[in-house]
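A closer look at the structure
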Amino acid sequence: MAAARGLSLTAVALRMVAPWATGRLLAASRGPQARRKASSSSPEAGEGQIHLTDSCVQRLLEITEGSEFLRLEVEGGGCSGFQYKFSLDTVINPDDRVFEQGGARVVVDSDSLAFVKGAQVDFSQELIRSSFQVLNNPQAQQGCSCGSSFSVKL
């Protein structure tokens, strides 16, 4: 997949450059903030980690093929300032962190990781939608009522 690089106006305001890779866009929303059972992404799970729930691992194993993985990015936008973007990708960049659990991989670039470290990635299936979500993000101050954007703690 071809990689595209860009700058977000909100990110520039925070003096942050965020790279974005293109991929198949998946539904992205925060959804309900219910706590889910998380699977540790490594033996040393800590604040700099992304935790994968069992439902996230299961869904990724169902939809990924070969070297595909789920890429989580944070980009400027939404009514609260930032929004999560999920896509399937096959290219791991030098500044990416790979979180793996049970054969499922989630990759986050170093700039986006600053906004989601310590959070959980979940897959939620509801009557009106199914989507990957970021839950219990300790870096988020608040989200909007639509659930797809958030503001960061300063």
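Residues numbered from 1 in each chain as written. Predicted model: local features only at pLDDT ≥ 70, side-chain atom pairs only at ≥ 80, totals over all residues. Heavy atoms only, no water.

Heads up, the condition is: UniProt positions are given in the numbering used here, feature names are shortened, and annotations may be inferred rather than shown by experiment.
Looking at an unreviewed UniProt entry, the protein chain carries the name Iron-sulfur cluster assembly 2 homolog, mitochondrial, with the source organism given as Suricata suricatta. Of the comments in the UniProt record for the protein chain, the one headed Function (unreviewed entry) reads "Involved in the maturation of mitochondrial 4Fe-4S proteins functioning late in the iron-sulfur cluster assembly pathway. May be involved in the binding of an intermediate of Fe/S cluster assembly."

1. Some remarks on the pattern of salt bridges
Test applied: A side-chain nitrogen of Lys or Arg and a carboxyl oxygen of Asp or Glu constitute a salt bridge if their distance falls within 4 Å. Labels follow the DSSP assignment, with helices taken as runs of H or I lasting at least four residues and strands as runs of E lasting at least two, numbered in each case from the N terminus. For the exposure calls, accessible area comes from a 1.4 Å probe over protein chains only, and a residue counts as buried if that area is under 20% of its type's maximum, exposed if over 50%, partly exposed in between.
Under the criterion given, the structure shown has five salt bridges. The shortest N-O distance in the salt bridge between Arg-71 and Asp-89 comes to 2.8 Å. With Arg-71 in strand β6 (residues 69–76) and Asp-89 in strand β7 (residues 82–89), this pair connects stretches of sequence that are 18 residues apart. On the basis of relative accessibility, which here comes to 1%, the residue Arg-71 falls in the buried class. A salt bridge links Glu-73 to Lys-85; the shortest N-O distance between them is 3.9 Å. Linking Glu-73 in strand β6 with Lys-85 in strand β7, this pair joins segments that are twelve residues apart in sequence. On the basis of relative accessible area, Glu-73 is assigned to the buried category, the value being 1%. Taken together, the shared-partner salt bridges in this structure form one network comprising Arg-71, Asp-89 and Asp-96.

2. Topic: unusual backbone geometry
Of note in this structure, Asn-136 is not a glycine but carries a positive phi near 50 degrees. By the secondary structure assignment, Asn-136 is in the loop between β11 (130–135) and β12 (140–143).

3. Regarding the packing of aromatic side chains
Note the following rule: Ring pairs shown here join Phe, Tyr and Trp side chains whose ring centres sit within 6.5 Å, with only the six-membered ring taken for Trp; geometry is labelled stacked below 30 degrees between planes, edge-to-face above 60, and tilted in between.
Throughout the structure, instances matching the rule amount to five aromatic pairs. Taking the centre distance of 4.8 Å and the plane angle of 35 degrees together, the rings of Phe-82 and Phe-115 count as tilted. Separated by 33 residues along the polypeptide, Phe-82 in strand β7 and Phe-115 in helix α3 (residues 110–116) bring together distant segments of the chain. As far as burial versus exposure is concerned, Phe-82 and Phe-115 are alike and both buried.

4. As for helix α2 (residues 54–63)
To keep it simple, the criterion reads: The arc in question is the one spanned by the directions pointing from the helix axis to the C-beta atoms. The contact criterion used throughout is that any non-hydrogen atoms of two residues lie within 4.5 Å.
Residues Cys-56, Val-57 and Leu-60 constitute the buried set of α2. Around the axis of α2, the buried residues are gathered within 100 degrees of arc, so they sit on the same side. Residues of α2 that are buried in the fold lie against β5 (51–53), β6, β8 (96–101), β9 (104–109), β10 (120–125) and β11.

5. Points about the pairing of strand β13 (residues 149–152)
We apply this condition: Between any two strands, pairing holds if DSSP finds at least two bridges.
Along β13, one buried face is formed by Ser-149 and Ser-151 and the opposite face, lined by Phe-150 and Val-152, is buried too. Sheet analysis places β7 next to β13, joined by two bridges and oriented antiparallel. Residue pairing for β13: Phe-82 is matched across the bridge by Phe-150. Summarising the sheet, β12 and β13 pair through three bridges and their orientation is antiparallel. By the bridge assignment, Gly-143 is partnered in β13 with Phe-150.

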